[in-house]
Amino acid sequence: MGGKCDIGLIGLAVMGQNLALNIESAGYQVAVYNRTTTTTEEFIKKRASNKNINPAYSLEEFVSLLQVPRKIILMVKAGAPVDYVIEGLLPYLEEGDIIIDGGNSYYRDTERRVRGLKERGIRFLGTGISGGEYGALHGPSIMPGGDESAYREVEEIFSKIAARAEDGPCVSYLGEGSAGHYVKMVHNGIEYGVMELIAESYDLMRKTLGLSPAEMGGIFREWNEEQQSYLLEITGEIMDREDQETGKPLIDLISDVANQKGTGKWTAQEALDLGVPVPVITAAVNARYLSSYKEERGEFSRLFPAPERKTADRDFLVALEEALYLATVTAYAEGMDLLKRASSEYGYNLPLAEVARIWQDGCIIRSNLLKQIQRIYKEAGETASIILSDEFSSDFAGKIENLRRVVSLAAVEGIPVPAFSAALAYFDSLSARDLPANLIQAQRDYFGAHTYQRKDKEGTFHTDWQDIKNV
Ligand code: 6PG
């Protein structure tokens, strides 16, 4: 140890600790600070002992340990704590110093911080980091946005600590302002969608085929041979886990109320604001809210018991695997469409092929699908929808009957499949030459004189539906 530190990290919860250890093991000297002193002491005594990691016990001391321009990663809770730490740091920073927010911050907060700090000469990078605690330690997917000159100064460190996909480290500069946190938000929206689809598949398997968790574990593993999806992989492992106390499958003992911290909801809200339909993602957010209606669900299920269920044929599993595949592609398609719209709306100029590349390893939504998505954007540029591409269109044409079979069986058996249903309705709406929106237009014109367009001639029209003037 000696000299000043290459980089500093504030916030020593597990993610922060793991990221500091990852950076140190890549050959850098790291300064660390945590508001609660005992956490820092403990970290230095245990996990960081004999490592090139230097503790600080005040922000002033922390800043004094860093090489100039200072590079400071914040791994603190999104929201007010980020502003609080920034305000605490500012008196000690100099023009050109760099602050990197590695949390799941709301992109509008990031936008405000980028601008506010620029006025004070501080360079800010809103940086999505995905991969959970394991990824932080062994190689996350890193999604930086904000001041490009600042990115170039941390690029070497980020490239060394990121996960590595076939085409290089899972990190790339994504654009100005809040681009990095926006991409991370959409990553999480897709994450919600895929998690819900897998959960619905599990529910269908246990309720229509009566499979045990261990049997389902085997099936998820088999399905994952081709998809290589992290979320499918961990689902297989979850199915196998026994509770140490009771010896029962642990999954059977876990309460069926799903929590959330907000990133999926933000994705759905943002999509509504920009007018981009993301029904699978939105269904996944609503499914979590519905799960939290535990008391109401008790009352409803007493009054409206589930229909008597028949056991499905075993070949239903083939349909389910293909339905899950198509609906999963739909969740990615929705997310990519939202990114495309946001890119032009907010001037991010997002490199979509790069986004697909840096999601190929380290992050929660990593899967073989991302290789195909990267190819689509690399070769065809901005396609209308990835579903229309050569990579996926024949799959949809050939397998959509299986998605129909899954949704209809679920409807008959009274099993909620909101994300599967949303994927099918999305596909059917996009594939419909005629939608009933002509009637919506007529209704709007009837009660509000909102006017409509006609199929047979140009112009804007209004009909006096109620013959009001003659009443
Ligand atoms: C990741 C995860 C991570 C976090 C989610 C959980 O990419 O590593 O997305 O950021 O686990 O935010 O989100 P919910 O608590 O909302 O499910």
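All values derive from a computational prediction rather than experimental measurement.

**Topic: helix H11 (residues 263–274)**
Over its 12 residues, H11 runs 16 Å from end to end, which matches the ideal 16 Å to within 8%, given 1.5 Å per residue. Residues of H11 that are buried: Thr263, Gly264, Trp266, Thr267, Ala268, Glu270, Ala271 and Leu274. Buried residues belonging to H11 abut helix H5 (107–119), helix H8 (179–208), helix H12 (279–291) and helix H14 (316–346). In the stretch just after H11, Gly275 is the one whose phi turns positive, near 70°.

**Quick word on the sheet that holds strand S5 (residues 98–101)**
Strand order in this open sheet of seven strands is S3-S2-S1-S4-S5-S6-S7, and the pairing throughout is mixed. Two strands close off the open sheet at either side, each with one partner strand: strand S3 (53–55) and strand S7 (141–146). Shown here is a sheet whose adjacent strand axes are inclined to one another by a mean of 25°, direction ignored. Where strand S6 (residues 123–130) meets S7, six bridges bridge the pair, whose relative direction is antiparallel. Following the sheet pairing, Leu125 is matched in S7 by Gly146. Those strands touched by helix H4 (residues 80–89) are strand S1 (7–10), strand S4 (71–74), S5 and S6, and its axis lies near 155° from that of S4.

**A few points about the nonpolar core**
Of all hydrophobic cores here, the largest spans 88 residues; its most connected members are Tyr182, Leu339, Trp359 and Phe420. No other element matches the 17 residues that H14 contributes to this core. Ignoring sequence-local partners within four residues, the contact set of Leu339 consists of Tyr182, Val183, Val186, Leu350, Leu352, Val355 and Trp359. If you look at the next biggest cluster of nonpolar residues, it comprises 30 residues, including Val30, Ala48, Met75 and Tyr173.

**Examining the side chain of Lys71**
Inspection of the secondary structure puts Lys71 in strand S4. At 4.6 Å, Glu153 is the nearest oppositely charged side chain to Lys71, a buried residue that forms no salt bridge. In this structure, Lys71 is in contact with Asp6, Ile7, Gly8, Leu66, Ile98, Glu153 and Val154, ignoring residues within four places of it in sequence.

**Observations concerning the site of the ligand**
Neighbouring residues of the ligand: 14 residues in total, closest Asn104, Ser130, Glu191, Tyr192 and Lys261. Separating an oxygen atom of the ligand from a side-chain N or O atom of Lys184 is a distance of 2.9 Å. When the ligand sits alone it has 420 Å² of accessible area, and the protein chains cover 80% of it. For the shell around the ligand, the leading source of residues is H8, giving five residues. Within the shell around the ligand, the residues separate by chemical class into two nonpolar, eight polar and four charged.

Conventions and cut-offs
- Along each chain, residues carry numbers from 1 onward, in the same order as the chain's sequence is written.
- At least 70 in pLDDT is required for a residue's local features to be given in this predicted model, at least 80 for side-chain atom pairs to be given and counted, and no such filter applies to totals for whole chains, interfaces and linings, which use all residues.
- With hydrogens and water stripped out, all remaining heavy atoms of the structure feed into the side-chain values.
- Secondary structure counts use DSSP, requiring at least four H or I residues in a row for a helix and at least two E residues in a row for a strand, with both numbered from the N terminus.
- A helix is expected to span 1.5 Å for every residue after the first.
- Type-normalised accessible area, obtained with a 1.4 Å probe on protein chains alone, sets the label of each residue: buried when under 20%, exposed when over 50%, and partly exposed for intermediate values.
- Here, residues are in contact when the closest pair of their heavy atoms is within 4.5 Å.
- Any two strands are treated as partners once DSSP identifies two or more bridges connecting them.
- Angles shown run from 0 to 180 degrees and are taken between the N-to-C directions of axes, each axis being a line fitted to C-alpha atoms and, for helices, limited to the stretch in contact.
- Put simply, buried Ala, Val, Leu, Ile, Met, Phe, Trp, Tyr and Cys residues joined by side-chain atoms within 4.5 Å make one nonpolar core.
- Here the positive residues are Lys and Arg and the negative ones are Asp and Glu; neither His nor the chain ends is included.
- We count a salt bridge whenever a side-chain nitrogen from Lys or Arg sits within 4 Å of a carboxyl oxygen from Asp or Glu.
- For this purpose, a residue is taken to be near a molecule or strand whenever a single non-hydrogen atom of the residue falls within 4 Å of it.
- In protein, a polar contact means a hydrogen-donor-capable atom and an acceptor-capable atom, both N or O and within 3.5 Å, with residues adjacent in sequence counting only if both atoms are side-chain atoms; elsewhere, any N or O pair within 3.5 Å suffices.
- Throughout, the Shrake-Rupley method with a 1.4 Å probe supplies accessible areas, and for residues the shown protein chains are the sole cover considered.
- Three classes are used: nonpolar for Ala, Val, Leu, Ile, Met, Phe, Trp, Tyr, Cys and Pro, charged for Asp, Glu, Lys and Arg, and polar for all others, with Gly counted as polar.

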